[in-house]
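The primary structure of each chain is shown beneath.
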Amino acid sequence: MSSTSIRVSDDLSKASRAEARLMHRSQAGQIEYWARIGRAIEHSGQFDYQHIARALKAEIPVDELSAYEKPVFDAMHDEAMRHASSQEQNAHERRLEQLRQAGIDTEALGD
């Protein structure tokens, strides 16, 4: 079996190493396992990647996402915010403040 080297974040590396030990897999095997699960979810009938993409672009409200889509949205949003510019982060904070002023519990939204 051939292999390809890839870079992953330190967080993913640490998490996969710990989970691999628990599941009696190699670290690479654990990441491959997670990737297969993610691929299956993306192709399932109960998961619509485009729906999540529209929510990430604020084209639809997050509360329109299914119970299957919401955790993926959260993970993708967190990842996007890690790589956001200071201008994007400031815009996000302004949106959160507008929600708070409207009486919405932003902690319940995961932010």
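Our structure is the block above this text.
Residues numbered from 1 in each chain as written. Predicted model: local features only at pLDDT ≥ 70, side-chain atom pairs only at ≥ 80, totals over all residues. Heavy atoms only, no water.

**Considerations on the side chain of E69**
The test is simple: The secondary structure listing takes helices from DSSP runs of H or I that are at least 4 residues long and strands from runs of E that are at least 2 residues long, numbered from the N terminus. Polar contact criterion, stated in full: a pair of N or O atoms within 3.5 Å, where within protein one must be able to donate a hydrogen and the other to accept it, and residues adjacent in sequence count only if both atoms are side-chain atoms. In this description, contact between two residues means that some pair of their heavy atoms is separated by no more than 4.5 Å.
On the secondary structure map, E69 appears in helix α4 (residues 69-82). Of note is the side chain of E69, whose polar atom sits 3.0 Å from the backbone nitrogen of D48. Each residue touching E69, except ones within four places of it in the same chain, is listed here: F47, D48, H51 and I52.

**Side note on helix α3 (residues 49-56)**
Going by this rule: Burial classes: relative accessible area under 20% of the type maximum marks a residue as buried, over 50% as exposed, and values in between as partly exposed (1.4 Å probe, protein chains only).
Looking at α3, one finds that the buried residues are H51, I52, A53 and A55. The elements touched by buried residues of α3 are α4. Measuring from the side-chain oxygen of the N-cap residue of α3 to the backbone nitrogen of Q50 gives 3.0 Å; that N-cap residue is D48. In the stretch just after α3, A58 is the one whose phi turns positive, near 65°.

**Some thoughts on the packing of aromatic side chains**
Going by this rule: Pairing of aromatic rings covers Phe, Tyr and the six-membered ring of Trp, with a centre-to-centre limit of 6.5 Å; geometry is then stacked below 30 degrees between planes, edge-to-face above 60, and tilted otherwise. Whether a charge lies above a ring is judged from NZ of Lys or CZ of Arg, which has to be within 6 Å of the ring centre and within 35 degrees of the ring normal.
Going through the model one piece at a time under the given rule, you end up with 0 aromatic pairs. Sitting above the plane of the Y33 ring, R25 keeps its charged end 3.8 Å from the centroid.

**A closer look at unusual backbone geometry**
At H24, a position not held by glycine, the phi torsion is positive, near 60°. Topologically, H24 is positioned in the loop between α1 (10-23) and α2 (27-43). Residues other than glycine seldom take positive phi values, yet A58 does so here, at roughly 65°. Inspection of the secondary structure puts A58 in the loop between α3 and α4. Among the residues examined, A58 registers a relative accessible area of 64% and is labelled exposed.

**Remarks on the pattern of salt bridges**
We count it as follows: Here a salt bridge means any side-chain nitrogen of Lys or Arg lying within 4 Å of a carboxyl oxygen belonging to Asp or Glu.
Overall, the coordinates contain 3 salt bridges when judged by the stated rule. Across the pair K70 and D74 runs a salt bridge, and its minimum N-O distance is 2.7 Å. In this pair, K70 and D74 both sit in helix α4, 4 residues apart, roughly one turn of the helix. Salt-bridge contacts for E97 lead to R100; the nearest nitrogen and oxygen are separated by 3.2 Å. Linking E97 with R100, this pair stays in helix α5 (residues 86-101), spanning 3 residues, or about one helical turn. With relative accessibility at 35%, the residue R100 sits in the partly exposed group.

**Structural notes on the side chain of S13**
Here S13 is to be found in helix α1. Taking the relative accessible area as the measure of exposure, S13 reaches 15% and is therefore buried.

**Looking at the nonpolar core**
Keep this limit in mind: Residues enter a nonpolar core if they are buried and are Ala, Val, Leu, Ile, Met, Phe, Trp, Tyr or Cys, with the set joined through side-chain atoms within 4.5 Å.
With 6 residues, the main nonpolar core is built from F47, I52, A55, I60, L65 and F73. The contact partners of L65, leaving out residues within four places of it in the chain, are H51, I52, A55, I60, K70 and F73.

These results come straight from atomic positions and should not be treated as a statement about function.
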